[in-house]
Structure formats: C-alpha cells, structure tokens
Amino acid sequence: MDKKYFTCDICSKKFSQKYNLTRHILKHRNKKLYSCDVCNKNFYEEKNLNVHYRKHTNEKLFSCVVCHKVFYSKSALNAHYRIHTKEKPFSCDVCNKQFSRKSTLYDHFRTHTNERPFSCDVCNKKFCNRNSLRVHSITHTNERPFSCEVCKKKFAHQSNLKVHHRLHTNEKPFSCEVCKKKFAQKSHLKVHLRLHTNEKPFSCDTCGKKFSQRSNLTLHFRIHSKEKSFSCDVCNE
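From a predicted model like this one, the values you see are computed outputs, not experimental measurements. What you see as residue numbers is a count from 1 along each chain, following the sequence as written. Restriction of local features to residues with pLDDT of at least 70 applies here, the model being predicted, together with a cutoff of 80 or more for giving and counting side-chain atom pairs; totals for whole chains, interfaces and linings are based on all residues. With hydrogens and water set aside, each side-chain value is computed from the structure's full complement of heavy atoms.

Colleague: Is there a simple way to think about the UniProt feature "domain: C2H2-type" (unreviewed entry) in the chain in this case?
Modeller: Mapped onto the present numbering, the UniProt feature "domain: C2H2-type" (unreviewed entry) falls at residues 6-33, 34-61, 62-89, 90-117, 118-145, 146-173, 174-201 and 202-229. Helix and strand labels come from DSSP, where a helix needs a run of H or I of at least four residues and a strand needs a run of E of at least two; each type is numbered from the N terminus. Helix and strand shares over residues 174-201 are 43% and 14% respectively, and the end C-alpha atoms of the span are 22 Å apart. UniProt positions are given in the numbering used here, feature names are shortened, and annotations may be inferred rather than shown by experiment.

Printed below as a string of structure tokens:
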C-alpha cells in the first residue's frame, strides 16, 4: 500500500499524487508568492489568486447550462456540472472509491493515512477536512445561521434545515425498494428496511435481547434498571 504514496522528505507526510507532494513542499520553502491586496491571503499560483479575487468583487463569470447557477471559476463550474452528469472521474488509489470532485478525493484519502491537519482552536480536536472542522466549531458558538423561510426555525447545519424543510413540502425522496413506502429522511428508510431484513443490530448487555432500533433498546433497558421516566401528575407513581 505504501508504494502508492509519495512521501515528503521533510515531514514524512504522504500523498496519493506527486503533484500534491510538489505543492506541499512549497509550504516548507515558504514560497507563497501571490498575495491578495484585499485580505492578504497568499497563494502559490497566480491563477488561484485571480479566482480568489472574484470573491471580493462577487464576479461570477461561469454559468451552468442546466440549472443556470453561476460560479467564480471554470473548475468550480465543471465540478458542479458533474452533479447533473453523475460523473465521478477521481478514483482513490487505495480502495478505488470514486468521487466527482478532486477535493473530496483528497479529504477521503486522509481516512487511509489517518491525517487530521485541521484543528479546533477551542478544544484542539482534529479533523481530516476543513468542512468537518467548520461544522464542529458551531458546537462551541451555539450559532444557528440557517433559518427556515416558512416557520423561521433556526438550525446549526444546512443539512438539518434541508431535512426540516421537507415537513413543509411533504417531500419524501427516499423510497423502500421492497414495499415502495417513502420517507423524508434516509435514516428513517434505513430503520424501516430492518423490518424486511429482520436485522436487529442493537443488543441488550444484560439479557442479550436484540432490537432493530436504538430507542427500543433504551426503553427495554429500563426494565433492568427499574428506571421510571414518566410519573402520574396525581399520585406521582
């Protein structure tokens, strides 16, 4: 497996492609030649600086011919277009898993190298990609930047907002291949499928009884712990 990696002679960091190793070595040499005069962010290549600068000017030159969404760079447009074509041209050298974006392949590759270069400034927890760090950081700030346009409920993550919005639209995009029942969330479909497969992955440590849902295991465990979560408002029993 190691022979497929390109290793940095300075820090021993590993890469799946030689091009990425070359770019990485520039960091050791501190050759950040191109600097943004607005925010002072540095880039190794002038073309990347030019693309970055469009974020300050909000200049989006490239438009998708299918959905008309606009982008700062042609590479971002090309990556987006694969959503429509379902094309996945980037393949992992280790496990052959395929991806539509090169950046996603890089993030995935760190699962093989166990590399976690992104660290939380608050708790020092480390992550394999920048997006996971960004999502984690919200747990410290209690920030809820995503708001439902219908009911104004706020969420910490855009994915949670997307799932919530289906309550208003009654959209159920996940369908059971066995009985055709539809669900708003993929996780609900996954639980439902266990009715057909009779899979019971949650097991009681005390008596060994198995359950298809974790919530049912939690309720069952109260039999052993004698825990009573609900009491009568009249007699308190």
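From this point, things continue past the structure.
Colleague: Help me understand the environment of R116, please; the structure alone is not making it clear to me.
Modeller: Checked against the element boundaries, R116 lands in the loop between helix 4 (102-113) and strand 9 (118-119). A sequence separation of 19 residues divides R116 from V135, and the C-alpha atoms of the two residues are 15 Å apart. Contacts: residue pairs with any heavy atoms within 4.5 Å of one another. In this view, R116 contacts K126, F127 and C128; residues no more than four positions away in its chain are not counted.

Colleague: How do you make sense of the confidence of the model for the chain when you look at a structure like this?
Modeller: Caution applies to low-pLDDT regions: their predicted coordinates should not be interpreted in detail. In the predicted model, the chain carries a mean pLDDT of 86, and 93% of its residues have values of at least 70. Here pLDDT means the predictor's own confidence in every residue, given as a number from 0 to 100. No element of the chain has a lower mean pLDDT than helix 1 (residues 18-29), which averages 73, and none a higher one than strand 14 (residues 182-183), which averages 94.

Colleague: Would you take a moment to explain unusual backbone geometry for this structure?
Modeller: Even without being a glycine, N142 presents a positive backbone phi close to 60°. Among the structural elements, N142 can be located in the loop between helix 5 (130-141) and strand 11 (146-147). The classification of residues rests on relative accessible area computed with a 1.4 Å probe and restricted to protein chains. Under 20% of the type maximum is buried, over 50% is exposed, and intermediate values are partly exposed. Judged by its relative accessible area of 57%, N142 is exposed. Non-glycine residue N170 carries a positive phi angle of around 60°. If you trace the backbone, N170 turns up in the loop between helix 6 (158-169) and strand 13 (174-175).

Colleague: Please clarify how a positive patch on the surface should be interpreted in this entry.
Modeller: Patch membership requires more than 30% relative accessible area and the absence of a salt bridge. Residues of like charge join within 9 Å; the nonpolar side chains Val, Leu, Ile, Met, Phe, Trp and Tyr join within 5 Å. All accessible-area figures derive from a Shrake-Rupley calculation using a 1.4 Å probe, and residue coverage is judged against the displayed protein chains alone. Counted as salt bridges are all cases of a side-chain nitrogen of Lys or Arg within 4 Å of a carboxyl oxygen of Asp or Glu. Positive charges come from Lys and Arg, negative ones from Asp and Glu, while His and the chain ends are left out of the count. Throughout, a charge is located at the NZ atom of Lys, the CZ atom of Arg, the CG atom of Asp or the CD atom of Glu. A surface patch of positive charge is lined by K27, K41, K55 and R130. Among the structural elements, K41 can be located in the loop between strand 3 (34-35) and strand 4 (42-43).

Colleague: Would you take a moment to explain the side chain of H192 for this structure?
Modeller: Structurally, H192 is set in helix 7 (residues 186-197). Under the relative-accessibility criterion, H192 is labelled buried at 10%. A polar atom in the side chain of H192 sits 3.2 Å from the side chain of H196. Those residues in contact with H192, other than ones at most four positions away along the chain, are C176, C179, K181 and F183. Between N or O atoms, a polar contact is any pair within 3.5 Å; within protein, one atom must be a potential hydrogen donor and the other a potential acceptor, and residues adjacent in sequence are included only when both atoms are from side chains.

Colleague: I would appreciate a short explanation of the nonpolar core in the present structure.
Modeller: Most often, soluble globular proteins keep nonpolar side chains buried together rather than apart. Residues belong to one nonpolar core when they are buried, are Ala, Val, Leu, Ile, Met, Phe, Trp, Tyr or Cys, and are joined through side-chain atoms within 4.5 Å. Counting residues in each nonpolar core, the largest one holds six residues, listed as Y5, F90, C92, F99, L105 and F109. Each residue touching F99, except ones within four places of it in the same chain, is listed here: K88, P89, F90, T104, L105 and H108.

Colleague: What exactly am I supposed to notice about helix 3 (residues 74-85) here?
Modeller: At 3.6 residues per turn, the α-helix brings residues three or four places apart onto the same side. Any helix carries an expected span of 1.5 Å times its number of residues minus one. For helix 3, with 12 residues, the first-to-last C-alpha span of 16 Å sits near the 16 Å given by 1.5 Å per residue. Taken residue by residue, helix 3 has L77, A79, H80 and R82 as its buried positions. Where helix 3 is buried, its residues meet strand 5 (62-63), strand 6 (70-71) and strand 7 (90-91).

Colleague: Please explain the pattern of salt bridges as it appears in this structure.
Modeller: Opposite charge on two side chains permits them to pair, given that their charged atoms come into close proximity. With the rule as written, the count across this model stands at two salt bridges. Where R110 meets D107, a salt bridge forms, and the shortest distance between an N and an O atom there is 2.8 Å. Of this pair, R110 and D107 both sit in helix 4, three residues apart, roughly one helical turn. Among the salt bridges present, the one from E115 reaches R110, with a minimum N-O distance of 3.9 Å. Note on E115: relative accessible area 17%, which makes it buried. Through salt bridges with shared partners, a single ionic network connects D107, R110 and E115.

Colleague: Quick question: what am I supposed to make of the state of the cysteines here?
Modeller: Linking two cysteines covalently via their sulfur atoms produces the bond known as a disulfide. Working definition: a disulfide is two cysteine sulfur atoms within 2.5 Å of each other. With the rule as written, the count across this model stands at zero disulfides. There is no disulfide at C128, and the cysteine sulfur nearest it, in C92, is 13 Å away. A residue is classified by how much of its surface remains accessible, and C128, at 17% relative accessible area, is buried. In this structure C176 is a free cysteine whose sulfur lies 3.7 Å from that of C179, the closest cysteine sulfur available. Here C176 falls in the buried class, since its relative accessible area comes to 1%.

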